[in-house]
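One letter stands for each residue in the lines below.
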Amino acid sequence: MLHALVVVLLGVTAPFTLADTRVDLPRGRAVWLTGEWTSRSELWADASLAFRRKDRDLLVLDGGTHQPRLVYTYPDRAWSRTCGPAWSANGTACYVWLDVHEQLVAMDRDSGHRRSLTNIPTHSWNEKGDQHLDGGPVWRRNGIVDDSAAGLLLFVTREERNDQVAFWQKRSGRGGTSLMALDPEDGSTVALAAKGTLPEVTLSWELSLSRKRLFIVSNPAGKYRPGEPHDLDERRLDGHVEREFDEPAGTAGDLALSPDERWLLVERLYKVGKEIPAVQLDDYTRKDFDVLFEAEHGGFVLIDLDSGEVTDGPASGTEAAWASDNRRIAYVDGWDVNVYDRESQTTTQLIRGGPEERNWSWETWYEPTWSASGRRLALTTGGDGSMLLLDLDTREFMLVDIQATGKLWAPVPKLFGG
């Protein structure tokens, strides 16, 4: 009774009951799914799932199987998590940034044939890793935007500044952010918003094709300092500012546009009202880092792009992801995973618990990924990691002992020539 009361006070509508289902994660950890769930040993037969293993090898879990198969092995020590994978508008091709060698590729959903679309110069191996030298894409959960009507792929790139490259690579005018349009047929690119029209330090972006608008969170100061104000703008595709939003309390972080492109979700980097150390980051003590840790992950707000009205969502949490119904939003709050209902403004707990040890806190869930139907959800734990797959209709789950990133559901039983 006491636990249920605490949950209600926290604003979560689903109280803990004795019927909750324990899920034993690898390496001695456990979480609980709220209510009664049934374990599966094989993926549902009508779906498949592509993902990376620790940001590197590309794997596929086919429908009706329990063992992922290898599709692509990254050469050398190169890796990239600059873009998440995305399906083409017609669903026949997967656009994914494989690594700094093949870069952005189109993979045929059925045959697995892949075709490189870009050729961006790279650094040689150095202390930063094998990185893109010019025009590296700015990370976004779904990577690129497929403008099928124009036959173009759109994404935001950032060129490294002179203080981030070797002395022989420096040149006048280096640095800046651009909105690029790429023709997937011949690989040609053009800047829709060239350097100088967008903020140099772009932290997060979203693009609405129906509105022909680019939404950007940027850091006007140019350097990272916890709690420092960020700018939140709506721009035309040529970079011209159309609307400036008030930054939500807690500092604007990642953006996520609803599937119908009406609602803009803005994550708050810090909890409202929590103390953030005022000293420079280089002067932080262990106590300062502890205080900062307690303040992180401040939930999100929703902006109605038609009216401009702002709705406060949960006051704590991160990794927010929209379902296809434009209503449900999955997000992570510590070792809990919740689903927020935009219409009723209520939160339902889906997963609770996890290790209590403080030094495991960074291993919590991340990257909740909905299937296109909004019926299934895939989540990953940090550290050595594992992946949990949920069917919210049948109340079934499957556990895969692999740290999966860049997860992408497909409504077909096999992918890439499986």
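See the structure shown above.
About the criteria used
- Residues numbered from 1 in each chain as written.
- Predicted model: local features only at pLDDT ≥ 70, side-chain atom pairs only at ≥ 80, totals over all residues.
- Heavy atoms only, no water.
- Helix = DSSP H or I, 4+ residues; strand = E, 2+ residues; numbered from the N terminus.
- Contact = heavy atoms within 4.5 Å.
- Areas by Shrake-Rupley, 256 points an atom, 1.4 Å probe, with all protein chains shown as cover.
- Core = buried A, V, L, I, M, F, W, Y, C linked by side-chain atoms within 4.5 Å.
- Buried < 20%, exposed > 50% of the residue type's maximum accessible area, 1.4 Å probe, protein only.
- Salt bridge = Lys/Arg side-chain N within 4 Å of Asp/Glu carboxyl O.

## Observations regarding the overall build of the protein
- Secondary structure assignment for the protein yields two helices and 32 strands.
- Within the protein, residue pairs in contact and separated by at least 24 positions form 50% of the contacts whose partners lie at least 6 positions apart.
- Of the roughly 19,200 Å² of accessible surface on the protein, a fraction of 50% belongs to carbon and sulfur atoms.

## With respect to the nonpolar core
- Trp205 and Leu214 are the most contacted members of the largest nonpolar core, which has 24 residues in total.
- Breaking this core down by element, the ones donating at least two residues are β8 (93–97), β9 (104–108), β13 (152–159), β14 (176–182), β16 (202–208) and β17 (213–218).
- Setting aside its immediate chain neighbours within four residues, Leu214 contacts Val156, Leu179, Leu198, Trp205, Glu206, Leu207, Asp233, Glu234, Arg235, Arg236 and Leu237.
- Counting residues in hydrophobic clusters, the runner-up holds 21 residues, among them Ala321, Trp335, Ile351 and Trp370.

## Details of the pattern of salt bridges
- Scanning all chains against the criterion turns up 33 salt bridges.
- When the shortest N-O distance is used, the salt bridge between Glu200 and Arg161 registers 4.0 Å. Within this pair, whereas Glu200 is found in the loop between β15 (189–193) and β16, its partner Arg161 is found in the loop between β13 and β14, the two being separated by 39 residues in sequence.
- In this structure, Arg327 and Asp341 form a salt bridge, with 2.6 Å as the shortest nitrogen-oxygen distance. Remark: Asp341 occurs in strand β26 (residues 336–341) and Arg327 occurs in the loop between β24 (318–322) and β25 (328–333); sequence separation between them is 14 residues.
- Judged by relative accessible area, which is 31%, Arg327 ranks as partly exposed.
- Among the charged side chains, a salt-bridge network with shared partners connects Arg213, Glu234, Arg236, Asp238, Glu242 and Arg243.

Spatial relationships are all this shows, so hold off on functional conclusions.
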